[in-house]
Amino acid sequence: MDRDDWSFGESWNVDPSDPTWTGTETAVKEQRVEEWDDETLVLGIETSCDETSASVVRGGRDILSNVIASQTELHGEYGGIVPEVAARAHVEALTPAIREALVRADATFWDLDAVAVTLGPGLIGSLLVGVAEAKAIASVLDIPFVGVNHLEAHIYSNFLGNYSAKWPAVVLVISGGHTMLVHARGHGDYEILGGTLDDAAGEAFDKVARFLGLDYPGGPEIDRLSLLGNPDAVRFPRSMVGEPGFDVSYSGLKTSVTNYVRKLEHEGNEINVADIAASFQQAVVDIEVAKTLAAVDHTMVGTLFLCGGVAANSGLRTGLEKACLDRSITLHVPSIELCTDNAAMVASCGMALLRRGIYTSLDAAPDPNLPLK
Ligand code: KG4
Ligand code: ZN
């Protein structure tokens with residue numbers, strides 16, 4: 001492992017001897033611990049939304065196991081996530097997922113050095129399940145407990161198994177709950193450049209898909225259908241693209257799609273769902289590529305990290321790959337499994353916090369609106 005890039009290199013942004021620095025409100029700054037090394041085993045737990053996941057990661061970067069129990073089928077019949085159903089499903093699935101993660105990693109509880117869990121943002125009932133279990137494990141084993149920000153964890157999906165990922169970078173975090181451009185200068189040193197003014201990109205995908213009568217979650221459905229359709233069939237608006245700044249808006253695009261379909265229906269014309277899906281997806285890709293490139297120009301960094309559920313989108317991956325190639329920008333894109341919610345990214349982020357001497361108190365409560373700082 002290239003340790004300088006990973007932890008204490010130029011990207012170190014706080015004075016480790018400063019006892020007043022707390023990082024996040026719930027974090028406690030303690031002594032920087034040199035023993036967190038390449039062999040450290042962190043158990044990651046993720047239950048913020050509708051995926052129950054447990055993972056064992058070695059040294060912050062090597063995934064020994066990453067068990068993901070998706071609740072998609074459960075919520076599918078309702079066309080969206082039902083928070084109470086999600087929380088109950090986490091209760092059932094989490095302990096078996098942890099057991100399975102340990103078996104696959106060929107480890108036992110007693111081999112673990114720390115437990116990291118998503119503290120927020122997310123659904124409160126779902127977060128509570130993971131946080132309670134993580135605290136119990138940490139307390140019983142007498143090992144550190146680290147509460148992790150879900151958005152920061154998504155950023156760390158770029159470091160998993162990828163030793164060439166380096167700060168500083170512009171990060172496009174694009175998921176079902178968030179869409180933002182971040183200037184990440186180093187571990188814990190983030191400046192939010194802009195974000196969505198209304199719906200997150202994944203939310204727009206899911207809503208448009210639902211309107212088109214597709215299954216939940218809609219993002220992957222639109223992605224699949226787009227391969228069969230013509231992305232130039234309908235020219236949907238690319239809101240805010242010509243404007244300065246890094247904010248985006250998806251409500252206008254969503255309304256355009258519904259208005260377009262209703263007009264066709266009203267006129268008795270045939271509706272080509274694949275063409276509409278492909279044209280909608282192309283509009284999202286054009287918006288995100290334009291704003292992301294503007295952010296890269298603005299920050300003058302040569303590296304781009306993509307992460308979050310919508311980072312699994314084939315159109316967005318291809319669009320950014322092409323744009324980055326043209327401009328000699330180094331692009332890092334996690335594997336599809338690491339784009340959507342998973343516990344490996346939580347363990348990796350937890351390890352980075354530990355290496356900076358940050359633990360979380362066992363009194364810390366989950367925060368459904370935990371901001372990225
Ligand atoms: O990161 P994630 O698993 O959960 C949140 O933190 O929100 O993201 C889930 C979102 C959903 O809106 C889903 O429709 C979207 O990611 N998504 C996709 C694709 N795969 C997942 N959107 C577009 N194309 C995909 N291939
Ligand atoms: Zn997520």
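Structure's up top.
Rules used throughout
- Residues numbered from 1 in each chain as written.
- Chains lettered and ligands numbered in written order.
- Predicted model: local features only at pLDDT ≥ 70, side-chain atom pairs only at ≥ 80, totals over all residues.
- Heavy atoms only, no water.
- Helix = DSSP H or I, 4+ residues; strand = E, 2+ residues; numbered from the N terminus.
- Contact = heavy atoms within 4.5 Å.
- Polar contact = N/O pair within 3.5 Å; in protein donor to acceptor, adjacent residues only side chain to side chain.
- Buried < 20%, exposed > 50% of the residue type's maximum accessible area, 1.4 Å probe, protein only.
- Near = heavy atom within 4 Å.
- Areas by Shrake-Rupley, 256 points an atom, 1.4 Å probe, with all protein chains shown as cover.
- Nonpolar A, V, L, I, M, F, W, Y, C, P; charged D, E, K, R; others polar.

A. Main features of the environment of aspartate 275. Assignment of secondary structure puts aspartate 275 in helix H9 (residues 273–299). Here the alpha-carbon distance between aspartate 275 and proline 231, two residues 44 residues apart in the chain, equals 6.4 Å. Residues contacting aspartate 275, with those up to four places away along its chain left out, are Gly229, Asn230 and Ala233. A distance of 2.8 Å separates a polar atom in the side chain of aspartate 275 from the backbone nitrogen of asparagine 230.

B. Molecular detail of the environment of arginine 99. As for its placement among the helices and strands, arginine 99 is situated in helix H3 (residues 83–104). Using a relative accessible area of 54% as the deciding quantity, one classes arginine 99 as exposed. For the pair formed by arginine 99 and phenylalanine 109, sequence separation is 10 residues and the distance between their alpha carbons is 9.0 Å.

C. Seen up close, the site of ligand 1. Residues in close proximity to ligand 1 total 18 residues, the closest being Gly176, Asp206, Asp223, Gly309 and Asn313. In this structure, an oxygen atom belonging to ligand 1 sits 3.2 Å away from a main-chain N or O atom of glycine 202. In this structure, an oxygen atom belonging to ligand 1 sits 3.0 Å away from a main-chain N or O atom of glycine 309. Relative to its unbound accessible surface of 550 Å², ligand 1 loses 89% to contact with the protein. Elements represented by at least two residues in the shell around ligand 1 include exactly helix H5 (150–156), helix H6 (201–211) and helix H7 (218–226). Residue composition of the shell around ligand 1, grouped by class: four nonpolar, 11 polar and three charged.

Purely geometric stuff here, so don't read any function into it on its own.
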